[in-house]
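Below are the chains, spelled out letter by letter.
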Amino acid sequence: MRFLISLALLLGLATTAAFAETGGDEAPPAGLLAAGNKQKLPEVMLSVGEPLGGPWVLKSGTYYTVEITSDGSGEIGLSGADFFHAVWVDEVVIEGLEVRPMGLQSVEFDEPGTMKITFIAVKPGQYALMIPGSTGADQRLAITIE
């Protein structure tokens, strides 16, 4: 029991020392969600017959933001269950409304608009986001998580 109390005190002192090194005015960075760990990906434009872009090479443990915009040229979506299961989706923002899902399979636009998805890449591998029912290579966004 004394060992556990000593360990807790030692950890508390180490945290206090780390906090003091930052000037004491702000908390130390918050790991995965720290500003230095965030990256913005190129916008994905959805338009009938147009390429999706890419490829993306992501690093496991990095926090990413991507905006997906549809021009309204048709009802169009992106599917990629394997990709969405390999990341932790923090939130999806649509017209200022924030959704914090347990997971995604796909997204779809019935009208023009933009959604922002923030996520942490987790599981290394090869993935893709694609327009459902399409077969062209340009209608597929190749993603590698390293």
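Further up the page is the structure itself.
Definitions and limits used
- Residues numbered from 1 in each chain as written.
- Predicted model: local features only at pLDDT ≥ 70, side-chain atom pairs only at ≥ 80, totals over all residues.
- Heavy atoms only, no water.
- Core = buried A, V, L, I, M, F, W, Y, C linked by side-chain atoms within 4.5 Å.
- Buried < 20%, exposed > 50% of the residue type's maximum accessible area, 1.4 Å probe, protein only.
- Helix = DSSP H or I, 4+ residues; strand = E, 2+ residues; numbered from the N terminus.
- Contact = heavy atoms within 4.5 Å.
- Pairing = 2+ DSSP bridges.
- 1 Å grid on protein atoms, 1.4 Å probe; cavity = no way out; pocket = protein on both sides within 12 Å on 5 of 7 lines; lining within 4 Å.
- Points joined across faces, edges and corners; volume = space filled by probe spheres on them.
- Nonpolar A, V, L, I, M, F, W, Y, C, P; charged D, E, K, R; others polar.
- Patch = residues over 30% accessible without salt bridge, like charges linked within 9 Å, V, L, I, M, F, W, Y side chains within 5 Å.
- Areas by Shrake-Rupley, 256 points an atom, 1.4 Å probe, with all protein chains shown as cover.
- Salt bridge = Lys/Arg side-chain N within 4 Å of Asp/Glu carboxyl O.
- Lys, Arg positive; Asp, Glu negative; His and termini not counted.
- Charge placed at Lys NZ, Arg CZ, Asp CG, Glu CD.
- Polar contact = N/O pair within 3.5 Å; in protein donor to acceptor, adjacent residues only side chain to side chain.

Some points on the nonpolar core
- Formed by 30 residues in total, the largest nonpolar core has its most connected members in L58, F83 and I117.
- Considering each element in turn, this core owes the most residues, four residues, to strand β9 (residues 113–121).
- When residues no more than four places from it in sequence are discounted, the contact partners of F83 are L58, F119, Y127, A128, L129, I143 and I145.

Thoughts on the pairing of strand β11 (residues 140–145)
- Pairing between strand β3 (residues 56–58) and β11: three bridges, direction parallel. Residue pairing for β11: V57 is matched across the bridge by T144.
- As defined by bridge partners, strand β10 (residues 125–130) adjoins β11 across six bridges and the pair is classed as antiparallel. From the neighbouring strand, M130 faces β11, where its bridge partner is R140.

With respect to empty space enclosed by the protein
- Applying the stated criterion across every chain yields a total of one cavity of 30 Å³ or more.
- If you add up the space inside the largest cavity, you get close to 40 Å³.
- Around the largest cavity, the lining residues are W56, V66, I68, F83, F84, I117, F119 and L129.
- Broken down by secondary-structure element, the contributors of at least two residues to the lining of the largest cavity are β4 (63–70), α2 (81–85) and β9.
- Considered class by class, the residues forming the lining of the largest cavity number eight nonpolar, no polar and no charged.

With respect to a negative patch on the surface
- A cluster of acidic side chains, namely E75, E95, E108, D110 and E111, defines a negative patch on the protein surface.
- Inspection of the secondary structure assignment puts E111 in the loop between β8 (106–109) and β9.

Digging into the side chain of E91
- Along the chain, E91 turns up in strand β6 (residues 87–94).
- Looking at E91, the relative accessible area reads 11%, which means it is buried.
- There is a polar contact of 2.6 Å between the side chain of E91 and the side chain of R100.

Observations concerning the side chain of Q139
- Assignment of secondary structure puts Q139 in the loop between β10 and β11.
- The exposure class of Q139 is buried, given its relative accessible area of 12%.
- In this structure, Q139 is in contact with G49, E50, P51, L52, L129, M130, I131 and S134, ignoring residues within four places of it in sequence.

Remarks on unusual backbone geometry
- Cis peptide bonds are those with omega within 30 degrees of zero, and the linkage from G54 to P55 qualifies with 0°.
- Unlike most non-glycine residues, E95 shows phi in positive territory, near 50°.
- Among the structural elements, E95 can be located in the loop between β6 and β7 (97–99).
- By relative accessible area, which is 74% here, E95 ends up exposed.

Considering the environment of R140
- Tracing the backbone shows R140 in strand β11.
- C-alpha of R140 to C-alpha of L78: the two residues are 62 residues apart in sequence and 9.0 Å apart in space.

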